[in-house]
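# Summary of structural features
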Amino acid sequence: MKKKICAALLIVMMTVASIAGCGNASSSAADNSAETVKIAYLPITHSLAVLEEAKELEEQEGIQIELVKYGSWPELLDALNTGRVDGASVLIELAMKSKEEGIGIKAVALGHRDGNVVIVSNEIETAADLKGKTFAIPHRQSSHNILLNDTLKTVGLTIDDVNVTELAPTEMPSALAAGTIDGYCVAEPFGSMGVELGAGKVLYTSDELWEDSVCCAIVLTDSFIEERPDDAKAFVDGYKTAGNNLDKETALEVSKEFFSQSEDVLEQSLEWISFDDLELTEDIYNALVEKMIEYGISDNPPAYEDFVKNDF
Ligand code: ZN
């Protein structure tokens, strides 16, 4: 058994190395013409709709997407906040924080619907068993933090009852296998990798904890929207079309093209997520805001009308 876990761990570590890359941004197209939209993303299944859109637009006339890949959220945010890209697929709470700090960006659509899982070690039977245990999230400003709080709330616990640690997503499956953490919640496919590895199991899927949960959003910079309104509209229209085209089969094809995980990991991961109807409505945004305030993630989240633009 030990040998099997070691071999599996090695595979995870090799996969992680290839996902994470060297940490520097890499672009998929060098064309800097006026009709190119530069979009930052992380190689996670939560970004699939923008990857699909880039493929679809390649075959059409009009705007083209230059995908700029980053290895971590801080690197991606730095590029977004300093205007090195026109937009990004990003954790919505991180984008809200940037907006709170005065960065000119707008959320124009959701990244995906549902798509997160709470993973725990095989010894944990219920959320109550998490008391006193160590749980990893990628960032305090994340829906993964909200889902952890929601999980604890089901049994009357709070965040003060667990040790919360921020880990890079790529490190979580192996940390769970090694027993340095007892559970985690993070963007996919890292939850699926933990399950595939045999290191843990799903305690909750996001829809069991939070109906219409929000996680990633597509944001565009105010300068891009103001200076190139037609391109912004074409980008958002194309994005929503791409999301609607991402049925399970297409999503698996795009995942296999962009990510290096096994088909089993990707298939499992795609069971938990959907990409149709990526409208960021006022209702679901306000439900997110309420949770952020309740769980102390933000004192002053941006108002819907200041942060969300859906009138393209
Ligand atoms: Zn997400």
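Now for a quick tour of the structure. (Residues numbered from 1 in each chain as written. Predicted model: local features only at pLDDT ≥ 70, side-chain atom pairs only at ≥ 80, totals over all residues. Heavy atoms only, no water.)

### Things to note about the coordination of the zinc ion
- Distances from the zinc ion to its protein donors, namely His46 (ND1), His112 (NE2), Cys215 (SG) and Cys216 (SG), fall within the range 2.1 to 2.3 Å.
- Seen from the zinc ion, its 4 donor atoms lie at angles of 91 to 118°, and the figure they make is tetrahedral.
- As a motif over one chain, the donors of the zinc ion read H-x65-H-x102-C-C. With a gap of 169 residues between them, His46 in the loop between β2 (36–41) and α2 (48–58) and Cys215 in the loop between α8 (206–209) and β12 (216–221) connect regions that are remote in the sequence. (Donors = N, O, S within 2.8 Å, 3.2 Å for Na, K, Ca; no water. Tetrahedral: all angles 85-135°; square planar, octahedral: opposite > 155°, others 65-115°. Helix = DSSP H or I, 4+ residues; strand = E, 2+ residues; numbered from the N terminus.)

### Details of the nonpolar core
- Among the nonpolar cores identified, the biggest contains 103 residues, and Phe235 and Tyr285 are the most heavily contacted of them.
- When residues in this core are grouped by element, the largest group, 6 residues, is from α2.
- Formed jointly, this core draws a minimum of three residues from each of two domains, domain 1 (10–114 + 214–307) and domain 2 (119–209).
- In contact with Phe235, not counting residues within four places along its chain, are Val37, Ile39, Val50, Glu53, Ile63, Ile65, Ile218 and Leu220. (Core = buried A, V, L, I, M, F, W, Y, C linked by side-chain atoms within 4.5 Å. Buried < 20%, exposed > 50% of the residue type's maximum accessible area, 1.4 Å probe, protein only. Domains from an automatic or database assignment. Contact = heavy atoms within 4.5 Å.)

### Looking at unusual backbone geometry
- Omega for the peptide link from Glu188 to Pro189 comes to 15°, which places this bond in the cis form.
- Along the chain, the position of Pro189 falls in the loop between β10 (183–185) and α7 (190–197).

### Concerning the pairing of strand β9 (residues 163–166)
- Of the strand pairs in this sheet, strand β8 (residues 134–137) and β9 are connected by 4 bridges, and their pairing is parallel. Residue pairing for β9: Ile137 is matched across the bridge by Glu166.
- You can see the chain leave β8, run along helix α5 (residues 143–153) and come back into β9, and the turn it takes is right-handed. (Pairing = 2+ DSSP bridges. Right-handed = clockwise from strand over helix to strand, strands pointing away.)

### A look at the packing of α2 against helix α11 (residues 248–258)
- Relative orientation of the contacting elements α2 and α11 amounts to 85°, with a least axis distance of 10 Å. Between α2 and α11, the interaxial angle falls into the category roughly perpendicular. Note on element contacts: α11 touches α2 through Thr250, Ala251, Val254, Ser255, Glu257 and Phe258, opposite Leu48, Leu51, Glu52 and Lys55.
- When grouped by side-chain class, the residues that make up the contact of α2 with α11 number 5 nonpolar, 2 polar and 3 charged. (Axes fitted to C-alpha atoms, helices over the stretch in contact; angles between N-to-C directions. Parallel < 35°, antiparallel > 145°, perpendicular 65-115°, else oblique. Nonpolar A, V, L, I, M, F, W, Y, C, P; charged D, E, K, R; others polar.)

### Considering the pattern of salt bridges
- Scanning the model with the defined rule gives 15 salt bridges in all.
- For Glu257, the salt bridge identified is with Lys55, shortest N-O distance 2.8 Å. Taken together, the residues Glu257 in helix α11 and Lys55 in helix α2 connect sequence positions 202 residues apart.
- Under the relative-accessibility criterion, Lys55 is labelled partly exposed at 26%.
- With a shortest N-O distance of 3.3 Å, Asp212 and Arg113 are connected by a salt bridge. Taken as a pair, Asp212 in the loop between α8 and β12 and Arg113 in strand β6 (residues 113–114) lie far apart in primary sequence, 99 residues in all.
- Linked by salt bridges that have partners in common, Asp86, Arg228 and Asp231 make up one network. (Salt bridge = Lys/Arg side-chain N within 4 Å of Asp/Glu carboxyl O.)

### Focus on the side chain of Lys106
- Relative to the elements of secondary structure, Lys106 occurs in strand β5 (residues 105–110).
- There is a polar contact of 3.1 Å between the side chain of Lys106 and the side chain of Asp222. (Polar contact = N/O pair within 3.5 Å; in protein donor to acceptor, adjacent residues only side chain to side chain.)

### Focus: helix α12 (residues 263–270)
- When α12 is considered as a whole, its buried residues turn out to be Val265, Leu266, Ser269 and Leu270. Buried residues of α12 fall within an arc of 125° about the axis and therefore sit on the same side.
- In this fold, the buried residues of α12 make contact with α2, α7, α11 and β13 (273–274). (Arc of directions from axis to C-beta.)

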